[in-house]
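Listed below, chain by chain, are the residues.
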Amino acid sequence: MGALANLAGMGSAPLAERLRERITREGPISVANYMQACLGDEREGYYTSRQPIGASGDFITSPEVSQIFGELLGLWAAAIWQSMGEPKSIVVAELGPGRGTLLADAARAWRSVKHFAGSVSLTLVETSPVLREIQRKTLHAAHQPIQWCEAIDEVPRGRPLVVLASEFIDALPIRQLVRRGSVWRARVVGLGPRGGITFVEGDIVHEDTLPAAPDGEILEMRPATAPLLAALAARASEAPLTALFIDYGHAKSGIGDTLQAVRRHRYADPLALPGETDVTAHVDFAALKHDAEALGLRAYGAMPQGEFLLRLGLSERRDRLLEAARPEQRELISSGAARLVDPSQMGILFKVLALTSDGLAPPPPFGDI
């Protein structure tokens, strides 16, 4: 939070101007610090100052594409509860819950599972005041106790825990390196000849684990996942835990620049409008899985989202909805379900990784493989 505090102390200037002033005073900043400022600045951060999701925002997430997504994840959480022996009290926590749509759809599905709805309390890990207010309205009909917190460490302890995280990891800050000859240099954010924000190259990085690569290639790492995984591992040592991460990214580690920005449902320059675009990067699921297993967690996947949802029964749920739908609803139901699983849309680019505490059965549908 120190980087954000430095920016907050620069008066009422726009975020882009405050970033330029900081770079002028302190020198180039890391890509991670740039992302953190763009997304989390207390006054003008993308997630703290606006409602970005939906047709009137900048992007749409899987829960907003189709109600089937949240319903299936709700039933998935109920199946996890059953595999844990149906404990009388369980916490379902969502990281970065957007507008609350996923949990609202999940809570509706829980009504069909005997005893489960009465065993669940909800925790929404959300830092944005704007989104918290929207979540309260979205979840007004949910019958479960609900609380909000700002970090995974604040989620209630000592009870079985199911964690849902859809398009959460992609927004965690990344570190970038650029290959120059036989060395790696830090890729950082500085100022160009005319004072504009631009990428520049920093110091040589000496780390034994860095791979060789052609000149000019970009290597990305996401150190921000380390405290999250450590927190999950600590919880898993206290009580049964299962976590599900769904995001866009690659199943195998590789080299390449995946930093991107979205504005008004179109790709944008990630450096052009700080605080006004959603700045993210693809998730390296292989690295996430490796780091989780190193902490003692069991890891399953990464499985393509399309395969995951189809194995959970997406087609059957779609057909049941179509049977009861009005004619004007049928196309929306069909197109939404198709978008989630179509290989040319979200079906392959999005992946699913499950993590569990030791001793639990493989979560569905990973145990069927």
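The following paragraphs examine the structure supplied in this document.

How each quantity is defined
- Per-chain numbering applies: the sequence of each chain, read as written, is numbered from 1 onward.
- For a predicted model such as this one, the threshold for reporting local features is a pLDDT of at least 70, and the threshold for listing and counting side-chain atom pairs is 80 or more; totals across whole chains, interfaces and linings nevertheless cover every residue.
- Where side-chain values are given, they derive from all heavy atoms of the structure, hydrogens and water being excluded.
- For helices the rule is a DSSP run of H or I covering at least 4 residues; for strands it is a run of E covering at least 2, with both sets numbered from the N terminus onward.
- With C-alpha atoms as the basis for the radius of gyration, the globule rule is written as 2.2 Å multiplied by the number of residues raised to the power 0.38.
- Three exposure classes are used, based on accessible area relative to the maximum for each residue type with a 1.4 Å probe and protein chains only: buried under 20%, partly exposed in between, and exposed over 50%.
- Contact between two residues is taken to exist if any of their heavy atoms lie within 4.5 Å; hydrogens are not considered.
- All accessible-area figures derive from a Shrake-Rupley calculation using a 1.4 Å probe, and residue coverage is judged against the displayed protein chains alone.
- A residue counts as positive if it is Lys or Arg and as negative if it is Asp or Glu; His and the chain ends are not included.
- In plain terms, the charge of a residue is placed at NZ if it is Lys, CZ if Arg, CG if Asp and CD if Glu.
- Between N or O atoms, a polar contact is any pair within 3.5 Å; within protein, one atom must be a potential hydrogen donor and the other a potential acceptor, and residues adjacent in sequence are included only when both atoms are from side chains.
- The axes used here are C-alpha line fits, helices contributing only the stretch in contact, and every angle between their N-to-C directions lies in the interval 0 to 180 degrees.
- If an angle is under 35 degrees, it is roughly parallel; if it is over 145, roughly antiparallel; if it lies from 65 to 115, roughly perpendicular; otherwise it is oblique.
- Left-handed is the label given to a crossing in which the near helix is rotated counterclockwise from the far helix by less than a right angle, and right-handed is the label when the rotation is clockwise.
- Residues are grouped as follows: nonpolar covers Ala, Val, Leu, Ile, Met, Phe, Trp, Tyr, Cys and Pro; charged covers Asp, Glu, Lys and Arg; every other residue, Gly included, is treated as polar.
- The criterion for an aromatic pair is that two Phe, Tyr or Trp rings (for Trp, the six-membered ring) have centres within 6.5 Å, with stacked assigned to planes under 30 degrees apart, edge-to-face to planes over 60 apart and tilted to the rest.
- Two strands are counted as paired when DSSP detects at least two bridges linking them.
- Here the expected length of a helix is defined as 1.5 Å per residue gap, with one fewer gap than residues.
- In this description, one arc is meant: the one made by directions from the helix axis to the C-beta atoms.
- What is meant by a nonpolar core is a set of buried Ala, Val, Leu, Ile, Met, Phe, Trp, Tyr and Cys residues, joined one to another through side-chain atoms within 4.5 Å.

**Here's the deal with the overall build of the protein chain**
Here is step 1 of the chain: Across its full length, the protein chain holds 13 helices and 16 strands.
Here is step 2 of the chain: Relative to a compact globule of 369 residues, whose C-alpha radius of gyration would be 21 Å, the protein chain shows 21 Å and is just as compact.
Here is step 3 of the chain: Taken along its principal axes, the extent of the C-alpha atoms in the protein chain is 65 × 45 × 40 Å.
Here is step 4 of the chain: Among the 369 residues that make up the protein chain, the fraction classed as buried is 53%.
Here is step 5 of the chain: The contacts in the protein chain between residues at least 6 apart in sequence include a share of 74% that link residues at least 24 apart.
Here is step 6 of the chain: By element, 51% of the accessible surface of the protein chain is carried by carbon and sulfur atoms, the whole surface being about 16,500 Å².
Here is step 7 of the chain: With 38 positive and 44 negative side-chain charges, the protein chain shows a spacing of 3 Å between the two charge centroids.

**Quick word on the side chain of Asp278**
Here is step 1 of the chain: Following the sequence through the fold, Asp278 ends up in strand β13 (residues 278-280).
Here is step 2 of the chain: Classification of Asp278 as buried rests on a relative accessible area of 7%.
Here is step 3 of the chain: A distance of 2.5 Å separates a polar atom in the side chain of Asp278 from a polar atom in the side chain of Tyr47.

**Digging into the packing of helix α6 (residues 67-83) against helix α7 (residues 101-110)**
Helices that pack against each other are described as a pair by the angle of their axes relative to one another and the distance between those axes.
Here is step 1 of the chain: Running from N to C, α6 and α7 cross one another at 55 degrees; their axes reach a closest spacing of 7 Å. Taken as axis vectors, α6 and α7 run oblique relative to one another. The two elements α6 and α7 meet at a crossing, and its hand is right-handed. For the pair α6 and α7, contact is made by Gln67, Phe69, Gly70, Glu71, Leu73, Gly74, Leu75 and Ala77 and by Leu102, Asp105, Ala106, Arg108, Ala109 and Trp110, respectively.
Here is step 2 of the chain: For the contact of α6 with α7, the residue count by class is eight nonpolar, three polar and three charged.

**Thoughts on unusual backbone geometry**
Here is step 1 of the chain: For the bond running from Gly301 to Ala302, omega is 10 degrees, close enough to zero to count as cis.
Here is step 2 of the chain: Checked against the element boundaries, Ala302 lands in strand β15 (residues 298-304).
Here is step 3 of the chain: Pro364 connects to Pro365 through a cis peptide bond whose omega is -5 degrees.
Here is step 4 of the chain: On the secondary structure map, Pro365 appears in the segment after β16 (350-356).
Here is step 5 of the chain: A positive phi angle, near 75 degrees, is found at His115, a position not held by glycine.
Here is step 6 of the chain: Among the secondary structure elements, His115 is positioned in the loop between α7 and β3 (120-125).

**Side note on the packing of aromatic side chains**
Here is step 1 of the chain: Scanning all chains against the criterion turns up six aromatic pairs.
Here is step 2 of the chain: With a centroid separation of 6.3 Å and 40 degrees between ring planes, the pair formed by Tyr300 and Phe366 is classed as tilted. Of this pair, Tyr300 sits in strand β15 while Phe366 sits in the segment after β16, and the two are 66 residues apart along the sequence. Phe366 matches Tyr300 in its accessibility class, with the two residues each being buried.
Here is step 3 of the chain: With 6.1 Å between their ring centres and 40 degrees between their planes, Phe308 and Phe366 make a pair best called tilted. Taken together, the residues Phe308 in helix α11 (residues 305-312) and Phe366 in the segment after β16 connect sequence positions 58 residues apart.

**Some words on the pairing of β3**
Here is step 1 of the chain: In terms of burial, β3 is a largely internal element, six of the six residues being buried.
Here is step 2 of the chain: The two faces of β3 match: Val120, Leu122 and Leu124 on one face and Ser121, Thr123 and Val125 on the other face are all buried.
Here is step 3 of the chain: Pairing analysis gives six bridges linking strand β2 (residues 90-95) to β3, with the strands arranged parallel. Each bridged residue has a counterpart across the sheet, and for Ile90 the counterpart in β3 is Val120.

**Considering helix α2 (residues 15-26)**
Here is step 1 of the chain: Over its 12 residues, α2 runs 16 Å from end to end, which matches the ideal 16 Å to within 8%, given 1.5 Å per residue.
Here is step 2 of the chain: Among the residues making up α2, those that are buried are Leu15, Ala16, Arg18, Leu19, Arg22 and Ile23. Here the buried residues of α2 occupy an arc of 160 degrees about the axis, which is enough to place them on one side. Among the exposed residues of α2, those pointing more than 90 degrees away from its buried face are Thr24 and Arg25.

**A word on the nonpolar core**
Here is step 1 of the chain: In terms of nonpolar packing, the biggest core is built from 50 residues, with Leu73, Trp110, Leu164, Leu244, Phe308 and Leu309 touching the most fellow members.
Here is step 2 of the chain: Per-element accounting of this core gives the leading share, nine residues, to α6.
Here is step 3 of the chain: Counting 29 residues, the second largest nonpolar core, distinct from the first, contains Leu229, Leu232, Ala243 and Val283.

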